[in-house]
Each structure stands twice: as C-alpha cells, then as structure tokens.
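So the chains spell out like this:
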Amino acid sequence: MEVKLPNLGEGAESGTVVSLLVSSGDTVEKDQTLIEIENEKAVAPIPAPAAGKIGEIRISEGDSVSVGQVILILDDGAGGGDSSESSDSGESSSQGSKPAAPASSGSAPSGGGPRPGGMPMAPAPGFGFGFPQGMSAPAAAPSNLPSLHDIWIPGAVVHSADSSAAKAGFSPPASPSIRRTAAELGIDLMKVPGSGSGGRITTEDLKAYVGALHQAVEVLMGHLQAMSAGPGAAPAPEKPKPKSIDFSQWGEVKKEPLSSLRKTISRRMTEHWNDIPHVTQFDSVDVTDLNALRKKLAPSYKEKGARLTMTPFVMKALVQALDKHSVFASSLDEATQELVYKQYRHVGIAVDTEAGLVVPVIRDVDKKSLLELSAELSEMAEKAKDRKLSGDDMSGGVITISNQGAIGGAHFTPIVNKPEVAIVGLGRGAMQPAVVGEKILPRLMMPVTLSYDHRVIDGGTAARFMVDFVEAFKEFNEENSAA
Amino acid sequence: MNSIETEVVVVGGGPGGYAAAFYAADHGKKVLLIEREPRLGGVCLNRGCIPSKALLYATHMITEARESAKRGISFQDPTVNLDQLREWKNGIIQKLSQGIAGLAKRRGVEVIQGRGYFDDGQTLRVETEEGQQFVKFEQAVIAVGSQSALPKAFDLGNKRIMTSRGALEIEDIPEKLLIVGGGYIGMEMGTVYAALGSKVVMVEAMEGILMGADKDLVKPVVTQAQETFEEIRTQAKVQKMATQGKQILVQMEHDGEAREELYDRVLVAVGRKPNCADMGLENTQVQLDDRGFIQVDDNMRTNESKIYAIGDVIGGVMLAHKASKEARIAVNHILGDNLKPESFIIPAVVFTDPEIAWCGLTESEAKQKDIPVKVAKFPWAASGRALSFDRTEGMTKLILDPDSERILGVGITGPNAGEMIAEGVVAIEMGATAEDLANCVHPHPTLSETLMEAAEVFYGKATHVASPKRK
Ligand SMILES: Cc1cc2nc3c(=O)[nH]c(=O)nc-3n(C[C@H](O)[C@H](O)[C@H](O)COP(=O)(O)OP(=O)(O)OC[C@H]3O[C@@H](n4cnc5c(N)ncnc54)[C@H](O)[C@@H]3O)c2cc1C
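Conventions adopted
Counting of residues starts from 1 at the beginning of each chain's written sequence and follows it residue by residue. Each chain takes a letter, starting from A, and each ligand takes a number, starting from 1, following the order in which they are written. Only residues with pLDDT of at least 70 get local features here, since the model is predicted, and only at 80 or more are side-chain atom pairs given and counted; chain-wide, interface and lining totals rely on the full set of residues. Side-chain measures here rest on the full set of heavy atoms in the structure, leaving out hydrogens and waters. By the criteria applied, helices consist of DSSP H or I runs no shorter than four residues and strands consist of E runs no shorter than two, each listed in order from the N terminus. Throughout, a residue-residue contact means that at least one pair of heavy atoms, one from each residue, lies within 4.5 Å. The buried area of a pairing is the accessible area, by a 1.4 Å probe, that goes missing from both parts when the two are put together, added over both. The salt bridge criterion pairs a side-chain nitrogen of Lys or Arg with a carboxyl oxygen of Asp or Glu, the two atoms within 4 Å. Pairs of N or O atoms within 3.5 Å make up the polar contacts considered here, provided that, within protein, one atom can donate a hydrogen while the other can accept it, and that residues adjacent in sequence are counted only when both atoms are side-chain atoms. Amino acids outside the nonpolar list (Ala, Val, Leu, Ile, Met, Phe, Trp, Tyr, Cys, Pro) and the charged list (Asp, Glu, Lys, Arg) are all regarded as polar, and Gly is one of them. Take the residue count of a helix, subtract one, and multiply by 1.5 Å to get its expected span. For this purpose, a residue is taken to be near a molecule or strand whenever a single non-hydrogen atom of the residue falls within 4 Å of it. The protein chains shown are the only cover counted for residues, whose accessible areas, like all others here, come from Shrake-Rupley with a 1.4 Å probe. Here, strands pair whenever DSSP counts at least two bridges between them. In this description, a line fitted to the C-alpha atoms serves as the axis of each element, helices being fitted only across the stretch in contact, and the angle between N-to-C directions of two axes falls anywhere from 0 to 180 degrees. Per-residue confidence from the predictor is reported as pLDDT, a score between 0 and 100. Our angle categories are set so that under 35 degrees counts as roughly parallel, over 145 as roughly antiparallel, 65 to 115 as roughly perpendicular, and the remainder as oblique. For any pair of crossing helices, the crossing counts as left-handed if the nearer helix is rotated counterclockwise from the farther one by less than a right angle, and right-handed if it is rotated clockwise. Buried means the residue's accessible area, taken with a 1.4 Å probe over protein chains only, is under 20% of the maximum for its type, while exposed means over 50%, and partly exposed covers the values in between. Remark: nonpolar core denotes a set of buried residues (Ala, Val, Leu, Ile, Met, Phe, Trp, Tyr, Cys) joined through side-chain atoms within 4.5 Å. Each Phe, Tyr or Trp ring, with Trp reduced to its six-membered ring, pairs with another whose centre is within 6.5 Å; inter-plane angles below 30 degrees give stacked pairs, above 60 give edge-to-face pairs, and intermediate values give tilted ones. Definition used: whenever NZ (Lys) or CZ (Arg) falls within 6 Å of the ring centre and also within 35 degrees of the ring normal, the charge is taken to sit over that ring.

## Points about unusual backbone geometry
And step 1. A:Pro419 follows A:Lys418 through a cis peptide bond whose omega is 5 degrees.
And step 2. Tracing the sequence through the fold places A:Pro419 in the loop between β17 (399-403) and β18 (422-426).
And step 3. Even without being a glycine, A:Asp31 presents a positive backbone phi close to 75 degrees.
And step 4. Among the structural elements, A:Asp31 can be located in the loop between β3 (27-28) and β4 (33-38).
And step 5. The backbone of B:Asp370 sits at a positive phi, close to 60 degrees, despite the residue not being glycine.

## Thoughts on the interface of chain B and chain A
And step 1. Contact with chain B, which involves 22 residues of that partner, is made by 19 residues of chain A.
And step 2. Both faces considered, chain B and chain A share a buried interface measuring about 1,800 Å² in area, 53% of it formed by carbon and sulfur atoms.
And step 3. For the pair chain B and chain A, the interface holds four salt bridges.
And step 4. Among the ionic pairs, B:Glu429 bridges to A:Arg179, the shortest N-O distance being 2.5 Å.
And step 5. For the interface between chain B and chain A, the tally reads 11 residue pairs in polar contact (both at pLDDT 80 or more).
And step 6. Looking at side-chain class alone, the side of chain B that touches chain A contains 11 nonpolar, five polar and six charged residues.

## Topic: helix α9 (residues 459-472) of chain A
And step 1. Here α9(A) is 14 residues long and its end C-alpha atoms lie 20 Å apart, about the 20 Å a rise of 1.5 Å per residue gives.
And step 2. Buried residues belonging to α9(A) abut β11 (278-286), α7 (310-324), β18 and β20 (439-453) of chain A.

## Some remarks on the side chain of A:Ser481
And step 1. Structurally, A:Ser481 can be placed in helix α10 (residues 478-481).
And step 2. With residues up to four places along the chain from it excluded, the contact list for A:Ser481 reads A:Leu293, A:Leu297, A:Tyr301, A:Phe313, A:Leu370 and A:Phe476.

## Some details on the site of the ligand
Residues and elements named next belong to chain B.
And step 1. Taken together, 38 residues surround the ligand, and among them Glu35, Lys53, Gly116, Asp312 and Ala320 come closest.
And step 2. In this structure, a nitrogen atom belonging to the ligand sits 2.8 Å away from a main-chain N or O atom of Gly116.
And step 3. Side-chain polar atom of His321 to an oxygen atom of the ligand: 3.4 Å apart, as the coordinates give it.
And step 4. Protein contacts shield 98% of the accessible area of the ligand, which totals 990 Å² for the unbound molecule.
And step 5. Among the secondary structure elements, those contributing two or more residues to the shell around the ligand are α1 (15-26), β2 (31-35), α2 (42-47), α3 (49-68), β4 (115-120), α6 (184-196) and α8 (320-334).
And step 6. Of the residues contributing to the shell around the ligand, the split by class is 15 nonpolar, 15 polar and eight charged.

## A few points about the sheet that holds strand β8 (residues 161-162) of chain B
All names here are of chain B.
And step 1. Pairing is parallel in the open sheet, where five strands are placed in the order β8-β15-β9-β10-β11. A single partner strand is all that each edge strand has here, and the edge strands are β8 and β11 (231-233).
And step 2. Here four bridges tie strand β9 (residues 176-180) to strand β15 (residues 265-268), and the two strands are oriented parallel to one another. By the bridge assignment, Ile179 is partnered in β15 with Leu267.
And step 3. Contacts between α6 and the sheet are confined to β9, β10 (199-203) and β15, with β10 contributing the most and set at about 165 degrees to the helix.

## Things to note about the confidence of the model for chain B
And step 1. When the pLDDT values of chain B are averaged, the result is 95; 99% of them are 70 or greater.
And step 2. The ipTM for the predicted assembly is 0.80, set against a pTM of 0.63.

## Focus on the packing of helix α3 (residues 176-185) of chain A against helix α4 (residues 203-228) of chain A
All names here are of chain A.
And step 1. Contact geometry of α3 with α4 gives a least axis separation of 10 Å together with a crossing angle of 15 degrees. Taken together, the axes of α3 and α4 are roughly parallel relative to one another. As for how α3 packs across α4, the hand of that crossing is right-handed. Here α3 contributes Ile178, Thr181, Ala182 and Leu185 to the contact with α4, which in turn contributes Thr203, Leu206 and Val210.
And step 2. For the contact of α3 with α4, the class distribution of residues is five nonpolar, two polar and no charged.

## Some remarks on the confidence of the model for chain A
And step 1. In the predicted model, chain A carries a mean pLDDT of 79, and the fraction of residues at 70 or more is 79%.
And step 2. Taken together, the stretch residues 79-150 of chain A has pLDDT below 50 and engages in 132 contacts with residues farther than four places along the chain or on a different chain.

## Some details on the pattern of salt bridges
And step 1. Enumeration according to the criterion identifies 49 salt bridges over all chains in this entry.
And step 2. The shortest N-O distance in the salt bridge between A:Asp31 and A:Lys30 comes to 3.9 Å.
And step 3. Exposure remark for A:Asp31: the relative accessible area of 35% places this residue in the partly exposed category.
And step 4. As a salt-bridge pair, B:Asp172 and B:Arg160 come within 3.9 Å of each other at their nearest N and O atoms. In this pair, B:Asp172 sits in the loop between α5 (164-167) and β9 while B:Arg160 sits in the loop between β7 (146-148) and β8, placing the two residues 12 residues apart along the sequence.
And step 5. Taking the relative accessible area as the measure of exposure, B:Asp172 reaches 24% and is therefore partly exposed.
And step 6. You can call B:Arg160 partly exposed: its relative accessible area is 21%.
And step 7. Through salt bridges with shared partners, a single network forms among A:Asp275, A:Glu334, A:Lys418, A:Asp453 and A:Arg455.

## Digging into the nonpolar core
And step 1. Ranked by internal contacts, the top residues of the largest apolar core, which has 57 residues, are A:Met315, A:Phe328, A:Val347, A:Leu450 and A:Phe469.
And step 2. Broken down by element, this core gets its largest block of residues, nine residues, from α7(A).
And step 3. Filtering out sequence-adjacent residues up to four positions away, A:Val347 remains in contact with A:Met315, A:Leu318, A:Val319, A:Pro360, A:Val361, A:Ile362, A:Val365, A:Ile399 and A:Ile401.
And step 4. Core analysis: the next-biggest nonpolar cluster, separate from the first, contains 50 residues, B:Ala21, B:Val31, B:Val141 and B:Tyr308 among them.

## What to know about the pairing of strand β13 (residues 338-341) of chain A
Residue and element names in this part refer to chain A.
And step 1. In this sheet, β13 lies alongside strand β12 (residues 330-333) in antiparallel orientation, the contact comprising four bridges. Looking across to β13, one finds that Asp333 is bridged to Glu338.
And step 2. In textbook terms, the turn of a hairpin is the stretch between consecutive antiparallel strands, and for β12 and β13 this stretch comprises four residues, one of which, Gln337, has a positive phi near 55 degrees.

## Quick word on the packing of aromatic side chains
And step 1. Counting across every chain of the model gives nine aromatic pairs over all chains.
And step 2. Between A:Phe328 and A:Phe465, the aromatic rings sit 4.0 Å apart at their centres with planes inclined by 20 degrees, giving stacked as the arrangement. Linking A:Phe328 in the loop between α7 and β12 with A:Phe465 in helix α9, this pair joins segments that are 137 residues apart in sequence.
And step 3. Classification of A:Phe328 as buried rests on a relative accessible area of 0%.
And step 4. Between A:Phe465 and A:Phe469 the ring centres are 6.2 Å apart and the planes differ by 20 degrees, which places this aromatic pair in the stacked class. Here the residue A:Phe465 and the residue A:Phe469 both occupy positions in helix α9, the gap between them amounting to four residues, near one helical turn.
And step 5. Overall, A:Phe465 belongs to the buried group, its relative accessible area being 0%.
And step 6. Grouped by ring-pair contacts, the aromatic residues A:Phe328, A:Phe465, A:Phe469 and A:Phe473 constitute a single cluster.
And step 7. When the ring centre of B:Tyr263 is taken as origin, the NZ or CZ atom of B:Lys176, which lies over that ring, is 4.8 Å away.

## Observations regarding α1(B)
All names here are of chain B.
And step 1. Between its first and last C-alpha, α1 extends 16 Å over 12 residues, near the 16 Å set by a 1.5 Å rise per residue.
And step 2. Residues Pro15, Gly16, Gly17, Ala19, Ala20, Ala21, Phe22, Tyr23, Ala24 and Ala25 constitute the buried set of α1.
And step 3. Gly28, located one to two residues past α1, shows a positive phi value of around 90 degrees.

## What to know about the sheet that holds strand β8 (residues 70-75) of chain A
Residue and element names in this part refer to chain A.
And step 1. Strand order in the open sheet made by the four strands is β1-β8-β6-β3, with antiparallel pairing throughout. Every interior strand has two partners, whereas the edge strands, β1 (2-4) and β3, have only one.
And step 2. Examined bridge by bridge, β1 and β8 share three bridges and lie antiparallel to one another. Within the sheet, the bridge partner assigned to Lys4 lies in β8 and is Val70.

Structural data, given as structure tokens:
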C-alpha cells in the first residue's frame, strides 16, 4: 500500500518533513505516527493508515512534500502491492513506474490524522472558483487538474450549447466590442457567465472571469510546482526577489532560516494588513471585582482539573457583545458582495508558541460553561505548544482574542484575522488610579483594544460594541460563574 | 517593362475593393487600387444599389400621386422624360464616384485603370490603355465582384433581352416586359417598370418569389405586386427565346401548359456569377468552389497565402455591406491581426413597395434547422403612424430564444423597413432580449414603435394589441 500525504486542512498544500519516525523494515501499528510534517500552521503527525511493515521510504527529513505525494510503502499484509489504494481520479498503471508522482487525495488515512476537507474557496474580487467534488487536492496527472470550466459568478447565467441561439450559430450574448476583447484574450465566451438580461455578458463579467482565471491559474501553478518540485524545493516565490543586506559589515551576525510557520505568518499578516483597512479602538475594563471572583473560584475549578484564567470570562463577555452586534461575527464575501453573518460563536485564541503565533479555535463558546472553556483552552494551549494542532483545530473562528495579559504590556493594535472582521487585544491588567463615583481608587484595569475591518464596520458601531463588551464583564457573579 | 512595387494591391473598385484600399491606407499601407472601369464604385454604385434605388424613388412618385387621389388630392397623369430621368440618375452616380475618387486621392491610394491579371502569387499584371504594368505586391485583395448571369439559351445578342445593367438604363418603357427570376433584383426592377407603365409579367421557377425571406414577410409584397404587375407566375420555366421583329418570342411552361408570348423587352435576373474566371488565378494557389466562387478562410485569405478575396466574388449573400465588412476583416489580417474574426449578421433589404428587411435568424431557417424559437408579431394595422400614411399591410416580428428571450432575428415588411432594420441588427449584435427592446422608449408616432410593441406583444402587454398573456 502506498501511504500518501493526506490533506493538511485549511488550504495547506505542502509541508516539510521535520521528523521521520520509522525506518524500512519496522513493524507499525495502525495510527502509529510515521512522520511529522510541519505544514503552514502546525506540526502534523501523519499516522499509519493500517498496521504493517514499512517497505521503501520515499522521503527524508527536510524534504518538502505535497499533499498526495507517496511518503512510503506499507506492507499491510493485504497482498495488495500498489493496487490496494485506488481512487477515482484516474491514476492507475503508471503509479508504479513513477515513484515520485504525487497521487490523488483519495487515500487519506482514516483515524488519527487530519481529515481531508474541502479546498476552501479562494475568494477573488467579484468571483469565485471551485474544484469539482473529490478534487480537494492536486491530482497526479495534469489531465486530472480541475477544469477551468468550474469558474462561476454567483447569480450569473451559464450559457448552454443547447440554446436556440447557439444552435442558430450565435455566439453568447455580448456586444461586438466585448466579443472582440474576448477573442483578443483568447477567451471562449461560452464559458463566461453573463449577469445581464438573458445572460448577456457585460464588461464586468468578462473582467471577473479573467480575474478568476488568473487566480485559478496561480493556484494550479502552485500545485504543479509543488508536484514537480523535487524534495527540498522551496515554495514558489511571491514577489520580485528581495535583495539581501550584508549586515556583517557592521558587526557579527548569526543567520537562521525562517520556519515554514514563520513564513506563513509573515505572508498572512502582510495580506491581512494590505487587504483590510484597519481601525483600532482603545478602552480599559475594570476587572478588580472579576479578578477577585476568579481567585475565589479558581480552587473549585482546579478540583475539576481546570485552570481558571481571565480568558474564558473575556470569551463569554465577547460572545455577549457579539449577540448584540452581529456584524462583528460576519465576513465579507467579496465574490458576491454580501455580508455573511455567522450564527455560530467559534472564537479564535491567539497563542504565542516558541515557533510563532498560532490561532486555535474554540467552538460554540456561547453554549459552553466557563469550566468547559477553561478545560478546552488548556488542551488547545498544550496542543499548540506541542505543535499538534490540526487544520480543523484552527479554522472556523468568527472573531479572535489576542491576550498578552500573561506576558505584560498594555494597549496594542492587533491585526484582523481575515476573513474575520474584528480582533480583540487584551493587555496586562494593572493597578491604576480610577475615578469611582467621587473618589479616586486604585483599581485593576485591563487594557482592551478592538481592531476592526472598516470596510464592514464603522466607528460608531465599534464604539457601541466596545461599550457593551466592557459592560458585559460586570455580569459575572459567583452564581453564574461557578464550576 | 514597367514594374511597380506596393504593399497592398486591391483588384476591383466596388464597395469591397475601395473599402479595403481605404482601410489599408488609413493604417499606413502603401496601396494600389486597380479598376478596369473608368469609374470607381463597382456594381453597387454604377449599376446596382444606387441607380436602382434612385429609380425606385423617382417612379414611386407616380404611384404615390395616383394613390393620393383617394385622399382628395389629385394630380394630372405624369409625363415621363426618360432622358432627364436617366441624366438625373447618372448625375448621382457621377457625384458618388467622384467622391470615391477624391477619397482615394486624399488617402494616397493610387488608382490605376486597367484589368488585373495574376501572373503568379506575387505579381499582378495590369492591362491599361497605355500598355501593361507589373505590380509586385506583398498582399493582394481580390474584389472583382460579380455580374448578372445570362444563360446561353437567352443570349441572343439582342439588346432587348437585358440584365439589370441594361434595365437600369431605361432606354424605353416597354409595353410588355417579361422578368425572368423572382429574386430581389427582378422584384425591384419590376416595381420600377410597372410604375412607369409597363405591363410586367414575372416568371419564377421556384414555388414562390423572394425565397430567402419568411413567407409572411413576403406576402404583402406579393399582394401589392399582383396589383401592379400584370401577372406573377411561379413554378414556371422559360425554355426558349427568339427575336421576332422588334419583339421577343418567349416559350415557357406554366401549370403544365406550354405558352408562347411576345414581349417588348425581357429582363433576365436569374442570379449572378463571379468575375474571376479570367484573371490568371490558375497561376496562383487560389482555389475556386464548384460554382466558380473563390474559396477563403475566416480571415478572407485564399489558398494562396498572400492573396485575399472579398465581396461578391466569394459568394454567400451578395450585398454591398457584406463586401465592405469583409474588406475590414481581410485588411485586419493583413495588418497582423490573426484572430478569428467575430461572427456578424448581415441584414438584407428588398426595396420593393412595401420594403422587406430582415436580419439574423429567420423563422423558416429556424423551422428548417429544428431550432425552437418564439415569434412575436406586431401588425402595422395597429400602428398609428402606418395608418397616417395609409400603409397598414406591414408587419414587424421578432424571432426569440424561448429560454433567454434573446432576440435572434428581426423581420419587417412595410415602407421604410430598410431603415428600421438597423435597430434589429444592433439589438441582435448587442445580445439584447425582448425585454430590453420593450424597455427602450421609442418616439411616437413612428414606425420604429412597432419594434418595441412587437417585444411587448411577446409579453402579452402591447399597448395597441390585445393579446393573451404569455408570461
Ligand atoms: C440591380 C442591383 C441592385 C442591387 N442592389 C443592392 C442593394 O440595394 N443593396 C446591396 O447591399 N447590394 C445590392 N446589390 C449588390 C451589390 O451591388 C453587390 O453585392 C456589390 O456591388 C458587391 O461588391 P464587390 O466589391 O464585391 O464587387 P462589385 O461591386 O461587383 O465590384 C467589382 C469591381 O471589380 C471590377 N473588376 C472586375 N474584374 C476586374 C479585373 N480583372 N481587373 C480590374 N477590375 C475588375 C469591376 O469592374 C467592378 O467595378 C445590387 C446589385 C444589383 C445588380
């Protein structure tokens, strides 16, 4: 049986082999970790799909491997050789003769590892494109590549060769100048959905189609590059080559290659920063009483194996504010120019690890108790530290909390985690003189900031949100917070 | 020996040829235009579109004046001065052709009067009155057009047996005129002569006249012609002609009956043949189809890579505007545009009274090719404008894609149909739907409203027609 790199989730298409835990001849159990892959978001263990004996190993540590690529051969006693894994994407006899050829994702192991998920829709301005079902990952041969036919504009009419117009020899409805432009671009208008009356193709339709084509090609090129690039090949460059500066001319230096996680963070942050017009709102929450409550309750939580920190309170307060201001749990669908209001309340928690920032997501925060949240938070933190978060663990958030309280510092301006539209940043609570009634009292003040996407949210809305968010902290009491 | 070098040589100065020459010159090419006749403009200008329309206009006055009587305005019977009429018509031709010559000059297109003959794939020999000239070209465009076909059996060397060319010269008004061929040229010329007072008999071998157009569009024209012509005989065949004194003795078969009749003149309008039989194409790779028309690809290029052909000489619908469009396609290719040209529709107009005009898909073509369509018709009897000038026999119809409601074809019968059809062309080429047309405000009272109302008929809500709801 060929063991192939399964889908890593969240659009990650490749990763680096950080550890090879088996060698040829080893006997392994089902679900035993074979290798660890550092993908763009975490280190993922790749488990054995079945028990058996390791045959040929086709990768080594440090190799860059892509989804679907054969990692090693596992003799699972089924006598199956190559044929035990078959998928419907057309790979067949050529498998054996092309050892390095990555194959379809149909062979994702069951159990243990991350499950193959659908390729996320890459949003293009005014457009989207998808891959046919079952093609969530690059396939073996170019003939298996997703067809560009699948490009669509939501709501637009796709032309049919069966229409009377087509039968009468007419090209799809479009003005002569648009037809001419399409011809110049080598575009078959039959494939360009039209949004005008009767499916007429407008200039915008054509532009959107070209944009999507362009994007699809980039994704495909990425796949192809990942497929054809041999072991150790670097990911595709994204920008014109930057020039190196020789810092050693001013003194001693030490160099370290960027980890793939660091590269991902760098790419995403740039993207988010560039795409989203950020505004950051500042405030402080008086958590004197809440902190006292937390300290009081902590032992009972500890008894139940959980550590009660400030974060679950923040999460609870946050989802309350979200319920009043649902736009903060929305996403902008650039393809349809719609706001998508998410009715679920999954909250991302930015976790600082040795390797860099990761954002695990806690599901259904509104439905969970403080105790459940505490437990889950420590579990996620643990996983993050061990770099064992799966793609699934890190997707689906509606808003993110970045809490630096444990470290120190006050206000800061976090970057919105696209496609979310807001992020909350928490600083370290500190005793400060505060005006309470007529008096100035020392109070424990926690700095709170809120960065938001000004495309979607205006300042007034953000201010109201902040007020309600701060207000929500007052509602915790012994009764509703007990373990 | 005289040898000239040029980038582009265009052979034939008709609406295809001069358009090609001018367009190429406008794009910086050095262009030579070869025309064997002393005047530019080709058939269209000298003995086709323009003179026929001029005569139709002039003689229409006669009919109009007669019709006017029933509206209480009467005229005396007109007197016709044929010489003056001819002179007026030739004056128009003269003016236009001088205009074209002037345009050529201003663009730096050199015109050589002479007959073009290909010595090989890059040399054109031009036979002029002063002798031969040899043109070495980078590209040649053949636009030599077509001429009326005159079957051997009718070619007696008798000038009373005419083609359209002779008929347009109106040497006299024959008392009895036989027109062989019920195509648009026969119908238009028949209209002219009938108005001038000839007794016109039209003979057509097929089962109907104006076979390209939808029957319902043709019907009002036939009804009118049956009144103004002496007779229209379909499925009739002229077998033989003979000179008998100053007349022509014609033998024909009609309704299984052999007839022999005497006519003062006969117009043979049975089709046109390409002018490329005797121009040295055998010295090149240019290929002809089985009817003698030049074969070209989508970009108007012949089998000989440097030689293009456009207009009547490549067959298809033989209309001036088709020739001009093809001129642009050929020149674009010469200029380095290698794209397959976009498809286009060619409107057709028959300038009879009433006129017929259509473009895009016809109802009969849809039927024949089994293409499902919906048809919306607006009868002019419901048009105030049509009533105001007493012409209610007309009709405007739209051929629609049943699903998208896109306009695939437009057909119009009635006075001014030729002017109105352009809106149909724009609508079709823009991919417009019936709804688009219905939503565009048309001025009242005009015939153009019938296009909008036909679209409204489709939705069952035309203001001036009560029709069952369709949607
Ligand atoms: C009576 C009549 C009425 C018509 N009415 C209409 C109408 O209303 N609307 C419409 O669109 N069309 C009409 N047509 C058709 C129209 O005239 C032709 O489609 C059009 O002229 C074709 O243009 P062309 O450039 O291909 O060729 P042409 O106009 O035929 O021009 C070809 C030119 O090439 C010249 N030539 C030929 N051989 C050589 C050679 N070897 N060397 C040099 N020169 C040569 C000829 O002298 C001629 O001037 C009518 C035609 C006729 C006969």
